[in-house]
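# Results of the structural survey
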Amino acid sequence: MKSILIEGVSKSYTEGVLALDEVSLELPENSFTCLLGPSGCGKSTLLNMIAGFVEPTTGRILVDGQEVTRAGADRGVVFQEYALFPWRTAIENVEFGPMIQGLPRVERRTVARRYLSLVGLAEHETKYPRELSGGMKQRVAIARVLANHPSVLLMDEPFGALDAQTREVMQEELLRIWGEDKKTVVFVTHSISESIFLADRIVVMATRPGTIKEIVDVTMPHPRDRSSAAFVSLEREIKRLVREEVAKLGVT
Amino acid sequence: MEAEAVRQPRATVTVAASPAKATERGVSRRGLSRSTILGLRVVSLVLFFVIWWGVSLLNAHVLKVFNPILLPAPDEVLRTGITMAASGELAKHILASLSRVLWGFGIAAALGIVTGTALGRSRLLEHLVEPMLEMLRPIPPLAFLPMMVLWFGIGEASKVAFIAYAAFFPIFTTTIEGIKYVDPVLLRAAASLGASERQIFWHVVLPAATPSIITGLRLAFGLSFFVIVAAEFIAADSGLGFLINDARTFFLVSNMLLGAAVIGVIGVLANVLLRKLEGRLLRWRGEARGQA
């Protein structure tokens, strides 16, 4: 079953710059897709269009058969900047979606508590975002999205601001959480190794204008060993694809 | 080979140990201890009164620069205060001033927050109304005081209106800023969690603007006290400003200083109270601010 259908989507900004050119893509339900490419390939634009933050200039996007016209609770978004509400404690942040849906106080607390423990933060529920580390903040943000039961999880370089060690732990955590609560995931990253570690399918994007350069299916079973021969050779192959695009930008 | 050996088992890495906030207890900047700071602050206050006393005594008995009744010593002012407090006169003046300030400030807060929010939300309104207010803002409120008396009479209304006018601007300005500059990623996050425009306003925009609005309220409250004295100079039969101005007519310098001192004390107390309230409302921002 198709979860996300992207049909001939283009985006041009007012200055006539074509950010995305006729991109079409089908993402099956509960698949894990990484959009990979250098900055300026339109990967975040594409994600923002699925989220409903940005309107496509031409083409359309369907999520579960419904055309996307604006942001909605069926598509949860995890941002690189965490985007936690600083005046709400960890648990109050997770409660936000259920509160919006009108769930009674006691019930939404129960739901929030369940998702906070799913991400391993049960003991930190009364802390404010400023009291949490980057990794913890992103865990809260993931719990907040999942507590809202979206059918699609959109992640825009979610671990980009984390240090290397935390980043690897968070990738493993994400796979564990995804295993327990299956969703269709679209994950934007510029890290090749991150995309190979996580994704079923890697969409390598070309720049100027943004198009799909190549789709790479990753069939290695989880957990994936970053030092295995298959991993390393796939990494090398994708690196070559991405390098061509970086070279096109004329910056090194 | 070596690279392999260095690699550590990842399972032992626990993510995100609680962030180490390096706040050194008991020691503040420049290495002064808390008790030293407190001591210095007390000495500063004591020193103030000693200097006042000294100058007053020196003038009365040694230098004789001007008539001693023009510079009474602190103990005389205190005695005047006790007499006036006992007769109930002081309380009457304090209450008169306070009620004007509270009314004027209350009206300013309501108007400032409502118009600030409306203008912060609507580009159209902003461009329609802001130039008007920007034109008025640089004019010192005092310039309008005589007119206020003509328009609203010599009763309470003119004073309340004057305070409301003066206190309006800081609240209005900080509210617009707060409402306009909410982090856009928070708005996106709320929208993707299913919040409607209305819910976003109440649950995201308003709380995000609160620190800014509170700053405006605090500034405005200080300003209210600042202008009440001037308003009571012009036309009043009660209030701390009246107390000072009335005493001038009779060379009662002790009364004048008493009026000023009481205003100072009320100002300090009000500020402490507002800081407390701010600390409570903005608990999420931490205790780093607002200790003074």
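Described in the following lines is the structure provided in the data block.

Conventions adopted
Residues numbered from 1 in each chain as written. Chains lettered and ligands numbered in written order. Predicted model: local features only at pLDDT ≥ 70, side-chain atom pairs only at ≥ 80, totals over all residues. Helix = DSSP H or I, 4+ residues; strand = E, 2+ residues; numbered from the N terminus. Buried ≥ 20, exposed ≤ 12 C-beta atoms within 10 Å, placed from the backbone. Rg over C-alpha atoms; globule rule 2.2 N^0.38 Å. Contact = placed C-beta atoms within 7 Å. Nonpolar A, V, L, I, M, F, W, Y, C, P; charged D, E, K, R; others polar. Pairing = 2+ DSSP bridges. Core = buried A, V, L, I, M, F, W, Y, C linked by C-beta atoms within 7 Å. Expected span 1.5 Å × (residues − 1). Axes fitted to C-alpha atoms, helices over the stretch in contact; angles between N-to-C directions. Parallel < 35°, antiparallel > 145°, perpendicular 65-115°, else oblique. Left-handed = near helix turned anticlockwise from the far one by under 90°.

## Concerning the overall build of chain B
Across its full length, chain B carries 11 helices and zero strands. Overall, chain B shows an N-to-C arrangement of helices and strands of α-α-α-α-α-α-α-α-α-α-α. A buried classification covers 31% of the 292 residues belonging to chain B.

## Some points on the overall build of chain A
Summing up its helical and strand segments, chain A has eight helices and 10 strands in all. Taking 252 residues into account, the globule formula puts the C-alpha radius of gyration at 18 Å, and chain A, at 18 Å, falls close to it. Taking the principal axes of its C-alpha atoms as reference, chain A extends roughly 55 × 40 × 35 Å. Within chain A, the fraction of its 252 residues that count as buried is 48%. Across chain A, every contact between residues at least 6 apart in sequence was considered, and the portion connecting residues at least 24 apart equals 69%.

## Side note on the interface of chain B and chain A
At the interface, 19 residues of chain B touch 29 residues of chain A. Of all the secondary structure elements, the ones that give two or more residues to the side of chain B that touches chain A are helix H8 (184-192) and helix H9 (197-234) of chain B. The element contributing the most residues to the side of chain B that touches chain A is H8(B), with six residues. Of the residues assigned to the side of chain B that touches chain A, the class counts are 13 nonpolar, four polar and two charged.

## Some thoughts on the sheet that holds strand E1 (residues 2-12) of chain A
For sheets, the rule is that strands pair by backbone hydrogen bonds, running either parallel or antiparallel. All names here are of chain A. Here four strands make up an open sheet; going across it, the order is E2-E1-E4-E5 and the pairing antiparallel. On the outer flanks of this sheet lie strand E2 (18-28) and strand E5 (66-67), each paired with one strand and no other. As defined by bridge partners, E1 adjoins E2 across seven bridges and the pair is classed as antiparallel. Pairing of Ile 4 across the sheet is with Leu 27, part of E2.

## Details of the pairing of strand E8 (residues 184-189) of chain A
The two faces of a sheet get side chains in turn, since along a regular strand they alternate between them. Residues and elements named next belong to chain A. The element E8 is extensively covered by neighbouring structure, given that six of its six residues are classed as buried. Across the two faces of E8 the burial is the same, with Thr 184, Val 186 and Val 188 and Val 185, Phe 187 and Thr 189 all buried. Both strand E3 (residues 32-36) and E8 contribute to a ladder of five bridges, which runs parallel. For Phe 32, the partnering residue across the bridge sits in E8 and is Val 185.

## Some thoughts on the nonpolar core
Ranked by size, the top nonpolar core spans 133 residues in total, and within it Ile50(A), Ala143(A), Ile163(B) and Ala167(B) carry the most contacts. The greatest single-element share of this core, amounting to 13 residues, is contributed by H9(B). Beyond its immediate stretch of four places on either side in the chain, Ala167(B) contacts Gly104(B), Phe105(B), Ala108(B), Ala220(B), Leu223(B) and Ser224(B).

## A few points about helix H2 (residues 34-63) of chain B
Residue and element names in this part refer to chain B. Between its first and last C-alpha, H2 extends 41 Å over 30 residues, near the 44 Å set by a 1.5 Å rise per residue. Across the 30 residues of H2, zero count as buried, placing the element largely on the outside. Phi for Lys 64, located one or two positions after H2, is positive at around 55 degrees.

## Overview of the packing of helix H4 (residues 89-121) of chain B against H9(B)
All names here are of chain B. Relative orientation of the contacting elements H4 and H9 amounts to 140 degrees, with a least axis distance of 9 Å. Here H4 is positioned oblique relative to H9, judged by the angle of their axes. The element H4 and its partner H9 pack so that their crossing is right-handed. Facing H4, whose interface residues are Ser 97, Arg 100, Val 101, Gly 104, Phe 105, Ala 108, Ala 109, Gly 112 and Ile 113, H9 presents Ile 213, Gly 216, Leu 217, Ala 220, Phe 221, Ser 224, Phe 225, Ile 228 and Glu 232. For the contact of H4 with H9, the class distribution of residues is 11 nonpolar, five polar and two charged.

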